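An overview of the molecular structure
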Amino acid sequence: MSLKMSEVSWVILKMIVEGYGLSQHHISDVENMKSCSDLRLNMYITDKNNTENKYRSSGHIDKNTLTVLCQNEVQDLQVLSKTGTWIDIVIPENCFVVIVGDALKAWCNGRLHAATHRVVMSGEKERYTFGAFVAPKDEMKIEVPRGLVDNKMHPLRYRPFNYREFLNFFASTRSRNLENALEVFAGV
Ligand SMILES: O=C(O)CCC(=O)C(=O)O
Ligand SMILES: [Fe+2]
């Protein structure tokens, strides 16, 4: 499974380079964007004696490049729409959900949206997810390719930055609850 998830993330990253018509040397950029990956199994349970207060994770934006998730049949993932409404995500059986993180959003000059998401348990059955958290190496410099910047529709949105410094910034107590950590840290 993890091999398939890694293949999915690689195909998506190459499609981004090709889809935006970037020159082939940017393939090595996106290769670096996936050079550090973690796998994690998550289990969410509800307290059957306390049906009023079901489990709810806090809404967050992933900081990495991409998150590829598969789940059991319990559909409890939500994303926040741009108008501020939480939307239930229905993941068909045998499918993955792919979530864009801040590192990829920054690299592609904000052209891909890093959605705020959360888990809200609605029933009593446990939810399991298995996730591949695809990330750059800490020392990677994330820099928008010139081909993704123009003066009209797509002016430069993010200065070049070091991924580790961004993580440190996010982890600092001052910024921990910032929803727009990327904009504050690297926005121009
Ligand atoms: O398990 C899920 O459905 C979401 C997990 C998640 O958002 C995360 O680990 O960042
Ligand atoms: Fe997440």
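Quick caveat: nothing in here was measured; it's all calculated off a predicted structure.

Structurally, Ala171 can be placed in helix α4 (residues 163-171). Along the primary structure Ala171 and Leu69 are separated by 102 residues, whereas in three dimensions their C-alpha atoms are 24 Å apart.

This next bit is on unusual backbone geometry. Positive phi outside glycine occurs at Asn94, with the angle close to 60 degrees. Checked against the element boundaries, Asn94 lands in the loop between β4 (86-89) and β5 (97-100). Take Asn94: its relative accessible area is 79%, and that puts it in the exposed class. The residue Asn109 is not glycine, and still its phi comes out positive at about 60 degrees. Inspection of the secondary structure puts Asn109 in the loop between α3 (102-107) and β6 (117-119). A relative accessible area of 3% places Asn109 in the buried class.

Moving on, we get to the layout of surface pockets. Within this model, the largest pocket holds a volume of roughly 320 Å³. Contributing to the lining of the largest pocket are 17 residues, with Asp38, Lys63, Asn64, Phe133 and Tyr163 lying nearest its centre. Examining the composition of the lining of the largest pocket, we find that four residues originate from one element, strand β1 (residues 36-44), more than from any other. Here the lining of the largest pocket is built from residues that sort into nine nonpolar, three polar and five charged.

Sheet strands pair via backbone hydrogen bonds, and the direction of the pair is either parallel or antiparallel. Strand order in the open sheet formed by four strands is β1-β7-β2-β5, and the pairing between neighbours is antiparallel. Of all strands in the sheet, those bounded by a partner on one side alone are β1 and β5. Direction aside, the axes of adjacent strands within the sheet are offset by 20 degrees on average. Of the strands in this sheet, β1, β2 (66-71), β5 and β7 (127-135) touch helix α1 (residues 2-19), which is tilted by about 140 degrees from β2.

A few words on the packing of aromatic side chains. Overall, the coordinates contain five aromatic pairs when judged by the stated rule. Ring geometry for Phe161 against Phe185: centres 5.6 Å apart, planes inclined by 90 degrees, an arrangement best described as edge-to-face. Here Phe161, found in strand β9 (residues 161-162), pairs with Phe185, found in helix α5 (residues 181-186); they are 24 residues apart in sequence, far enough to count as distant. Phe185 matches Phe161 in its accessibility class, with the two residues each being buried. Aromatic pair Phe169 and Phe185: ring centres 5.2 Å apart, planes at 35 degrees, arrangement tilted. Here the residue Phe169 occupies a position in helix α4, and Phe185 occupies one in helix α5, the gap between them amounting to 16 residues. Looking at Arg111, its charged tip hangs above the ring of Tyr20, at a distance of 5.3 Å from the centre. The side chain of Arg118 reaches across the aromatic face of Trp86, ending 4.0 Å from its centre.

With that settled, consider the nonpolar core. If you look at the biggest cluster of nonpolar residues, it comprises 31 residues, and the most contacted ones within it are Leu104, Trp107, Ile142, Phe161, Phe166 and Leu182. Within the residue set of this core, elements represented by two or more residues are α1, α2 (26-32), α3, β7, α4 and α5. With residues near it in sequence (within four places) discarded, Ile142 still touches Ala103, Ala106, Trp107, Pro136, Arg159, Pro160, Phe161 and Tyr163. Formed by eight residues, the second largest nonpolar core is a distinct cluster that contains Tyr44, Ile91, Val119 and Met121.

With antiparallel pairing, the three strands of this open sheet are ordered in space as β4-β3-β6. Only two strands of the sheet have a single partner each, and these edge strands are β4 and β6. On average, each strand axis in the sheet is tilted by 30 degrees relative to the strand beside it, whichever way the strands run. As judged from the three bridges shared by strand β3 (residues 77-80) and β6, these two strands associate in the antiparallel manner. Paired with Val79 across the two strands is His117, which belongs to β6.

Conventions adopted
- Residues numbered from 1 in each chain as written.
- Chains lettered and ligands numbered in written order.
- Predicted model: local features only at pLDDT ≥ 70, side-chain atom pairs only at ≥ 80, totals over all residues.
- Heavy atoms only, no water.
- Helix = DSSP H or I, 4+ residues; strand = E, 2+ residues; numbered from the N terminus.
- Buried < 20%, exposed > 50% of the residue type's maximum accessible area, 1.4 Å probe, protein only.
- 1 Å grid on protein atoms, 1.4 Å probe; cavity = no way out; pocket = protein on both sides within 12 Å on 5 of 7 lines; lining within 4 Å.
- Points joined across faces, edges and corners; volume = space filled by probe spheres on them.
- Nonpolar A, V, L, I, M, F, W, Y, C, P; charged D, E, K, R; others polar.
- Pairing = 2+ DSSP bridges.
- Axes fitted to C-alpha atoms, helices over the stretch in contact; angles between N-to-C directions.
- Contact = heavy atoms within 4.5 Å.
- Phe/Tyr/Trp six-rings, centres within 6.5 Å; stacked < 30°, edge-to-face > 60°.
- Lys NZ or Arg CZ within 6 Å of the ring centre and 35° of its normal.
- Core = buried A, V, L, I, M, F, W, Y, C linked by side-chain atoms within 4.5 Å.

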